[in-house]
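# Structural features, examined
Next come the chains, spelled out residue by residue.
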Amino acid sequence: MASAEDPKPYSPEPAPTGRRQLSAVPRYFSATLSQGLVSGFHFVLNLLLVKLLSVGDFGIYALTFVIAIMATAIINALFTTPLCVYAPSAATDSQRRSIESTLTTLMFVVLGAALAFGILSVLTNGLGFFDVKTTGVSLLFVVTYLARQYSRNFGYSRFDVITVLFGDILYVVVGGAVLTALLLSDTTLTVVHVLTLLSVGNLLASAVELSRIPHSLSLIRISTALTEYRSIWEQSRWALIGAITTVVVSQAHSIVVSAVKGPAAYAPLAAGFVIFGPIRVIFTTIQNVVKPEMSRAIANLNAANAYRQMLAVSLISACAVVALITSVWVLWPLIESKLYADQYADSPMKTIVMLWAAITLLGAFQNGPYIALQAMKEFKPLAMLTVYGAAISLTLVILLLFYYPIEYTIVGILMTEIYIMVRAIRLVSRQFKTRLAATPVMNPAT
């Protein structure tokens, strides 16, 4: 029997204001609804921007999102993934709060440093890529995007999807209202307008999400945070390597084409991706929701439950992508005339879109194994897999750019994703085989 001095066993706290936590299925439904709102908003926004922004402005907008995604991959590896993996599987409440305080303190330090760098760059025009105003709002968007991703995942790590839903609703309402006002005022929409309104939406949503944490989130001394983070760093360093190389795998065409040909040349590739962008974001949301659940199951020696979750994630993701691809194929004449005919008539948009369709389907099959490997804290094998993938991706994209039209650089991404999918499935299969064999009794309560 536990004494009064024994640490309190970990159990996720109830959501704020005394609400009881949702069970697993309603949590998944709420998270899907939440991300569906955001993805739907971004989908409509991207469709509008393809038509309303100049080709140059749309290229800048797309590249800014690529930079934000790259930065998010780094933040996820250093802070978000440890938050979603270590906090839910913590042995006690005090241990969980210590993990949260450590990671949040360091996250604030990184955001502050990024903001200071952005202000310095704007004042000195140190980056020199675009004009001062465009550089300023691009950097502001990246910083607020990072803050929002962390605040959303904080809610998911505590199994509090309702808080995330409130933040997402606010983000969509604010963004939609400001965008509608701009369009009704006959303002010529620019990339500065778009990135500013998205930044404001990110800030407001993050403020709401962090304000609803059911206890006072205390920041600690940076030196203390670094000391506490040392044990997490042993794994997160591999997650960092994997995150960077994963971005290189998926964005090698963005890096190479933009560097060699410029943003305008990259714009058709980005325009073809907008159809599948929202569903790729949903993949990430599924990861964020299921990862804490799977981590807790593995910590409770219930590998069978985690295995079922992995299969369900990949199956649901693949079915959603197949449905989307079928719709695009059937409606292609309408999509082409309404979306691409004006500014991208000279580009082979059907080829570009179908290549992105194949890549997205491969990503759906990878979704479950990726979550499982991270929940098992198998960061090093996953990192080494993407290191090889990044080298293959960059090599293929460079070769294809110099010998074939620009749109075929996406084939390099496709071939690399096939390699990664096969290797990831083999790796996760070996891990589950070992864990299932070592599990003597299942825990039905998990």
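Residues numbered from 1 in each chain as written. Predicted model: local features only at pLDDT ≥ 70, side-chain atom pairs only at ≥ 80, totals over all residues. Heavy atoms only, no water.

In this section: the pattern of salt bridges. Per the counting criterion, the structure on display carries six salt bridges. Between Arg152 and Asp168 there is a salt bridge, with its nearest N and O atoms 2.8 Å apart. Taken together, the residues Arg152 in helix 4 (residues 132-157) and Asp168 in helix 5 (residues 161-184) connect sequence positions 16 residues apart. Accessibility classification places Arg152 together with Asp168 in one group, the buried group. Counted as one network, the salt bridges with shared partners bring together Arg148, Arg152, Asp168 and Glu209. (Salt bridge = Lys/Arg side-chain N within 4 Å of Asp/Glu carboxyl O. Helix = DSSP H or I, 4+ residues; strand = E, 2+ residues; numbered from the N terminus. Buried < 20%, exposed > 50% of the residue type's maximum accessible area, 1.4 Å probe, protein only.)

Judged by side-chain polarity, Val260, Ile398, Leu399, Phe402, Tyr403, Tyr404 and Tyr408 come together as a nonpolar surface patch covering roughly 770 Å² of accessible area. At four residues, the largest contribution of residues to the nonpolar patch is made by helix 13 (residues 379-403). Among the secondary structure elements, Val260 is positioned in helix 7 (residues 222-261). The partly exposed category is assigned to Val260, whose relative accessible area is 45%. (Patch = residues over 30% accessible without salt bridge, like charges linked within 9 Å, V, L, I, M, F, W, Y side chains within 5 Å. Areas by Shrake-Rupley, 256 points an atom, 1.4 Å probe, with all protein chains shown as cover.)

Right, let's get into the side chain of Thr81. Note that Thr81 resides in helix 2 (residues 55-86). Other than its neighbours up to four places away in sequence, Thr81 contacts Asn76, Lys291, Gln374 and Phe379. (Contact = heavy atoms within 4.5 Å.)

Taken together, the buried positions of helix 11 (residues 332-340) are occupied by Trp332, Ile335, Leu339 and Tyr340. Seen from one end, helix 11 has its buried residues packed into an arc of 65°, which puts them on one side. In this structure, helix 11 carries Pro333 and Lys338 as exposed residues pointing more than 90 degrees from its buried face. (Arc of directions from axis to C-beta.)

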